[in-house]
Every structure is written in C-alpha cells, then in structure tokens.
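Residue-level structure breakdown
For reference, the chains in residue letters:
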Amino acid sequence: MAVASLESLLARGVRGRRVLVRSDLNVPLKDGVIRDDSRIRASVPTLRRLLDAGARVAVVSHLGRPKSTRRPELSLRPIAPRLAELLGTGVSFCEECVGPVARAAVEALAPGQIVLLENLRFHAGEERNDPDFAKALAELADAYVNDAFGTAHRAHASTAGVTAFLQDVAAGLLLQSELDHLRVVRDPKRPLVVALGGAKVSDKVSVLEALAPHADALLIGGAMAYTFLAARGEEIGTSRVERDHLDDARRVEAAAQKHGRRLLLPTDHVVSQRIEAGAPRRVVRSIPEGWMGVDIGPETAARYAEEIAKARTFFWNGPMGVFEIPEFASGTESVARAAAESGAVTVIGGGDSLAAVNQLGLGGRMTHLSTGGGASLEYVQGLELPGVAALER
Ligand code: ADP
Ligand code: MG
C-alpha cells in the first residue's frame, strides 16, 4: 500500500482549510538558544508548499523528554522566530497544543498563515497514543500531514492515533523523501554493501539480523566489532564488549553464512589504553592485554574501502571508531571517503554517523543523509513504521 502524497492532498485543494502538520522540530537547545537548526530547515519545504497553496497551518512537534509535565525549558517558543526566519513569513506561537485556546489560535489564521503549537509531550496522552488526546489534536484541523520521519517508528497520538479522527491525510515531503531513499536499501541494486558500527551490538541486533542475510557484504566496525570477535574466541583486551550478546553475534554470523553472504570483521586495530586525545596508540593484529580497540586498523579500512568501491548500493550506520577523537577517526574517514567516491547510491543514517560525515565535509557527496536514526534502522530492516502505516490509504 502506498502512502498518500502531499501532491494528492494539494490536488484536492487546501485553500482556507486548516492543516495540522506533525513536524520534527526536536532541535538541541541550550538556555533557549538553538544549537543546530537542521531539523527546522528540513521541515520548511512542506510548510512552504502548504502556505503557498493557501492552507491555514498548525504545526505540532515534540521537544526533548518533558515526561508529561510542562517544563518551561522544553517549550517550543524559541523555535517560532527561527522558523519564521527560514520560512520568510510570520509564525505565531500558542502555548497550548489542544483545547479551546489552541483551537482559537488556529481559527484565527487567514489562508497562508501559520501557528506553532506547544510541545506535544507536555501531555501524557501523546506518547501513550491516547485516543482522547488524538481526537483533541484532530479537532484542530481538516487535514493532517506527517513530516516527522524521526518519530515515525513510534505510535504516538500525533504520529498515528490522530489519523483515526482525520481522514484527509498525507506524507510530508521530508518523510516521503526518506521513504523513497530508504526503500532503495530494502530493494537494492546489487551488490549491496552495508557498514554497521557504533557503540553497541544490543542497539542494533535486529538490524544486524535483518541485514546479514540481505547484504552481499556486511562490514562490521566500531565497538560492536569486539563483541563479534569475542564471540569467535579472539582476545580483545579491554575493548568495549557486551558479554551477554555473544550469542546474538554468533546468530548474526550464522545467518550470513546460511544465506551465502559475507560478514567481514576487522583484522587489524588501532588500540589505546584510554579513550582520550593524546593517549599512546598502536596498530596491531591481535589486541594485547590492557589495550582496547578504538578504531579499525589501516588494513581493515583498505579492505572495507575496496568492498564499498564495488557496491552499487551502500548503507552505513555507526562510526568505525571513536571518531570524536581525531587520532581514532581514520577508519571512519576511510569509509566515508570510499562512499563519497563509490558511484553507488549511498544512504547514511544515525546521528553520530551523520556528524562524522558532515565533519569531513562529505555530506553533500552522499545520495541521502537520513534524519531519523531509529526510524531509518527500523525501515531498512523491513519493519512497518506506525507513523507510515497510519498514512496508507
Ligand atoms: P549512530 O549515532 O550513528 O547510530 P552510535 O550511537 O551507535 O552511532 O555509535 C556512535 C558512538 O560509538 C560514538 O560515540 C563512538 O565514539 C562510539 N564508538 C565507536 N567505536 C568505538 C570503540 N571502538 N570503542 C568505544 N566506542 C566506540
Ligand atoms: Mg548515536
């Protein structure tokens, strides 16, 4: 089933109609100052299209984790002026997101005007997907657009429940573009090469299990690699390892083997005694006692780069080492450069992975940078996202 597109909603006509837009405006804020406005920027195209078409737009979002209480430092108020700047039009703010005050604020909009409503998660009903709260949101509008890909894997009132009460729904442009690009990983031009790294196996067991039988080559890096190596009985020194996930690692290896797929582990390592800039480091094949793996070694990096060069589709989540420390960033950099030069369709997901790619100035050379960490991992493994299912008509 396909999700209803924004174009189809616009074709039905939105002039003068109230449209509730669920955006992801969950930006890092410190003392009311926006540290990174990329999520606000990403929400602009959909809002712009709707405003140009004469819709009366009410935007809702969550911000942080207020745990169902009104936390003034998690108010969306500081977002309104930045959104206004980026849209090039005034954005009013309403300190409620449901109820008579919010309804009046939306009612007061003229065609082409927009109001930002307060943090959805000030209400317990949002994360609980409470039908009464979903209904209260639906009462604000005549149509609903979901553009919050980053929360599409959560069945919350504003991402899922609300569509039970509002029949005229559509996917926003950002959400649509995420689905279009991530679908390519599910149904790839082969060879499909996948690189998975980052902090923990436990975060990514299900994506490992889904992609091991699917990817032509699965390249493992990051701290995750040491759990795999430990599961094979190799010495890993004081490397970060999850002892209670050794069986998961074995299962993933078995799944790859059963389907005739290749799973590659590092064969050399950058090791250090501390995760700290300036700490002594060495390149080794087997990790000595008292030392920990902090990056894939140069031989592994070259081998991974060769695999990526052969790919027609490349998906990457999770840095290959502790890239925050420049001396431990070369493995991650090699993978990023190989991806940029590969000519493959390159899809990158995960907050830290994106930070690494952007830090290297290579963001613009990738086909797609996914804005939704958890959601993108769930989607590429073939799971149904509640926020997407709710838009299928
Ligand atoms: P993403 O946000 O892209 O999904 P993760 O959050 O899973 O990535 O992992 C990123 C973190 O993993 C980084 O903070 C990085 O320092 C850490 N990491 C990578 N390799 C290692 C390692 N060998 N030892 C300890 N931490 C590591
Ligand atoms: Mg992360």
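Residues numbered from 1 in each chain as written. Chains lettered and ligands numbered in written order. Predicted model: local features only at pLDDT ≥ 70, side-chain atom pairs only at ≥ 80, totals over all residues. Heavy atoms only, no water.

Regarding the domain arrangement of the protein chain
In terms of domain boundaries, the protein chain breaks down into domain 1 (6-174) and domain 2 (188-380). Distance from the C-alpha centre of domain 1 to the C-alpha centre of domain 2: 36 Å. The interface is formed by five residues belonging to domain 1 together with seven residues belonging to domain 2. In this assembly, domain 1 packs against domain 2 so that about 520 Å² is buried in total across both faces, 67% of it on carbon and sulfur atoms. Viewed at the interface, domain 2 and domain 1 are joined by zero salt bridges. Along the contact surface separating domain 1 from domain 2 lie zero residue pairs in polar contact (both at pLDDT 80 or more). For the side of domain 1 that touches domain 2, a count of residues per class yields two nonpolar, two polar and one charged. (Domains from an automatic or database assignment. Contact = heavy atoms within 4.5 Å. Buried area = accessible area lost by both parts, 1.4 Å probe. Salt bridge = Lys/Arg side-chain N within 4 Å of Asp/Glu carboxyl O. Polar contact = N/O pair within 3.5 Å; in protein donor to acceptor, adjacent residues only side chain to side chain. Nonpolar A, V, L, I, M, F, W, Y, C, P; charged D, E, K, R; others polar.)

Comments concerning the site of ligand 1
The environment of ligand 1 is made up of 19 residues, and the closest members are K204, G293, E324, D352 and S353. One nitrogen or oxygen atom from the main chain of G293 is found 3.0 Å from a nitrogen atom belonging to ligand 1. With respect to ligand 1, the side chain of D352 contributes an N or O atom lying 2.8 Å from an oxygen atom. Against a free-state accessible area of 580 Å², the protein chains account for coverage of 85% of ligand 1. One can see that ligand 1 is located within the second largest pocket. Elements that contribute at least two residues to the shell around ligand 1 include exactly β14 (292-296) and α13 (351-359). The leading source of residues in the shell around ligand 1 is α13, at three residues. (Near = heavy atom within 4 Å. Areas by Shrake-Rupley, 256 points an atom, 1.4 Å probe, with all protein chains shown as cover. 1 Å grid on protein atoms, 1.4 Å probe; cavity = no way out; pocket = protein on both sides within 12 Å on 5 of 7 lines; lining within 4 Å. Sits in = over half its atoms within 2 Å of the grid points. Helix = DSSP H or I, 4+ residues; strand = E, 2+ residues; numbered from the N terminus.)

Digging into unusual backbone geometry
With an omega dihedral of 5°, the bond running from R190 to P191 counts as a cis peptide bond. Mapping P191 onto the fold places it in the loop between α7 (173-186) and β9 (192-196). Of note in the backbone geometry, K67 takes a positive phi value of approximately 50° without being a glycine. Since its relative accessible area comes to 66%, K67 is described here as exposed. In this structure, N129 is a non-glycine residue whose phi angle is positive, near 55°. Inspection of the secondary structure puts N129 in the loop between α5 (124-128) and α6 (131-138). (Buried < 20%, exposed > 50% of the residue type's maximum accessible area, 1.4 Å probe, protein only.)

Details of the nonpolar core
Judged by nonpolar contacts, the single largest core of 71 residues is most densely connected at L20, L137, L208, I220, F228 and F315. Residue contributions to this core peak at seven residues, all from helix α9 (residues 224-231). Two domains each put at least three residues into this core: domain 1 (6-174) and domain 2 (188-380). Excluding residues that lie within four positions of it along the chain, L208 makes contacts with L196, V201, P213, L218, I220, M224, F228 and V252. Counting 33 residues, the second largest nonpolar core, distinct from the first, contains L47, A84, L87 and I114. (Core = buried A, V, L, I, M, F, W, Y, C linked by side-chain atoms within 4.5 Å.)

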